Amino acid sequence: MSSSWNSVGLAVLYQVLGWVAFVAWSFSFYPQVLLNYKRKSVVGLNFDFLVLNLTKHSSYLIYNAALFFSPFIQQQYHDKYGDKEMIPVAANDVAFSLHAVALTAFTVFQVFIYERGTQKVSKVCISISAIVWTAALVCLIIALPKSDWLWLIDVFNSIQVGMTAIKYIPQAIMNFRRKSTIGWSVGNILLDLTGGVLNFCQMGVQSIDQHTLVNFYGNIGKTLLSLETVFFDVLFIIQHYVLYPVKKDEHGKAIISERVAPLIRPSDKPEEDNV
């Protein structure tokens, strides 16, 4: 076993899968941003999802950047899993996390400038976010005396796993209550699903080359991220195409159902088109 690649072909495939996943995941943010811009409205986009998503991606950026750039943390990783094990974070992971934080923050900005109807961030979401960041601060204080940075970034990795597991739930519930996915971009979901599948395949390629599954449980956050992403994206695809398909008029414009109305004030008539 070696900390370098045994097969040049698998090494190249690993990089290709990683960067294609990066492109798919990165571009997955743009359909929602463009949909918001086109409609001049964020009605139908759940604000709890946005807040939880920002916490998730911020935590994942901290984990990826710290493990990828810090030789000290990398040494702690090798001390725990073995000197011959490869670091399970690639450059595309860091690039994706940085881009995700920026685009999620921009989408939050859109909430403040576009029509949002009666929607608002729930008290439950605010409480969860406050608890998570308070816990992270406490963990930082605990890690400082012993410089246990690997443990600390593992905490942030666990946060992103937890946020991924719950961030989609408010949007899924909103779609169910409205019996509609209008305002929620299916383009986002299709690209997100592509990235999740390719990300998991990338880890599989590394495991095949190294003849070990350490990279799966050594970076359990990345593993669970892919699995959670695939699960919820399939759920949203079923909601959009099977349960609540969008009806359009002869001009191709989505017909707003009465069940969507509670989120929009009578005077609001945003143009509804799914990207």
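Model, not experiment: these values are computed from the prediction.

Attention now goes to the packing of helix 3 (residues 47-69) against helix 6 (residues 123-143). Between helix 3 and helix 6, the least distance of the axes is 9 Å, while the angle of their chain directions is 15 degrees. Viewed along their axes, helix 3 and helix 6 adopt a mutual orientation that is roughly parallel. Pair helix 3 / helix 6 crosses with left-handed handedness. Two secondary-structure elements touch here, helix 3 through Asp48, Val51, Leu52, Thr55, Ser58 and Ser59 and helix 6 through Cys125, Ile128, Ser129, Val132 and Trp133. Residues belonging to the contact of helix 3 with helix 6 are distributed by class as follows: 6 nonpolar, 4 polar and 1 charged.

The next point concerns the UniProt feature "transmembrane region" (unreviewed entry) in the protein. Within the UniProt annotation, "transmembrane region" (unreviewed entry) is assigned to residues 12-37, 58-74, 94-112, 124-143 and 149-169. Between the C-alpha atoms that bound residues 12-37 there is a distance of 38 Å. The span itself is 92% helix and 0% strand. Taken as a whole, residues 124-143 contains 100% helix and 0% strand, while its terminal C-alpha atoms sit 28 Å from one another.

Below, the discussion takes up empty space enclosed by the protein. A complete count under the given rule lists 3 cavities of 30 Å³ or more for this structure. Lining of the largest cavity is provided by 21 residues; of these, Phe29, Phe49, Asn53, His57 and Asn188 occupy positions nearest its centre. Looking at the lining of the largest cavity, the elements that each hand over two or more residues are helix 3, helix 5 (91-113), helix 7 (149-178), helix 8 (186-210) and helix 10 (220-243). It is helix 3 that provides the largest number of residues to the lining of the largest cavity, a total of 5 residues. Across the lining of the largest cavity, the residue classes break down as 10 nonpolar, 8 polar and 3 charged.

Ranked by size, the top nonpolar core spans 20 residues in total, and within it Tyr63, Leu67, Ile73, Tyr77, Val89, Phe96 and Ile153 carry the most contacts. At the level of secondary structure, the elements contributing two or more residues to this core comprise helix 1 (8-27), helix 3, helix 4 (71-81), helix 5 and helix 7. The residues contacting phenylalanine 96, other than those within four sequence positions of it, are Phe22, Trp25, Ser26, Phe29, His57 and Tyr60. Within the second largest apolar cluster, 15 residues are counted, among which are Leu45, Phe47, Phe49 and Phe232.

Turning our attention to the packing of aromatic side chains. The tally for this structure, following the rule as stated, stands at 15 aromatic pairs. Directly above the ring of tyrosine 37 sits lysine 40, whose terminal nitrogen or CZ lies 3.8 Å from the centroid. The residue whose ring lies beneath lysine 179 is phenylalanine 176, and the NZ or CZ to ring-centre distance is 4.0 Å.

Conventions adopted
Residues numbered from 1 in each chain as written. Predicted model: local features only at pLDDT ≥ 70, side-chain atom pairs only at ≥ 80, totals over all residues. Heavy atoms only, no water. Axes fitted to C-alpha atoms, helices over the stretch in contact; angles between N-to-C directions. Helix = DSSP H or I, 4+ residues; strand = E, 2+ residues; numbered from the N terminus. Parallel < 35°, antiparallel > 145°, perpendicular 65-115°, else oblique. Left-handed = near helix turned anticlockwise from the far one by under 90°. Contact = heavy atoms within 4.5 Å. Nonpolar A, V, L, I, M, F, W, Y, C, P; charged D, E, K, R; others polar. UniProt positions renumbered as here; feature names shortened; annotations may be inferred. 1 Å grid on protein atoms, 1.4 Å probe; cavity = no way out; pocket = protein on both sides within 12 Å on 5 of 7 lines; lining within 4 Å. Points joined across faces, edges and corners; volume = space filled by probe spheres on them. Core = buried A, V, L, I, M, F, W, Y, C linked by side-chain atoms within 4.5 Å. Buried < 20%, exposed > 50% of the residue type's maximum accessible area, 1.4 Å probe, protein only. Phe/Tyr/Trp six-rings, centres within 6.5 Å; stacked < 30°, edge-to-face > 60°. Lys NZ or Arg CZ within 6 Å of the ring centre and 35° of its normal.

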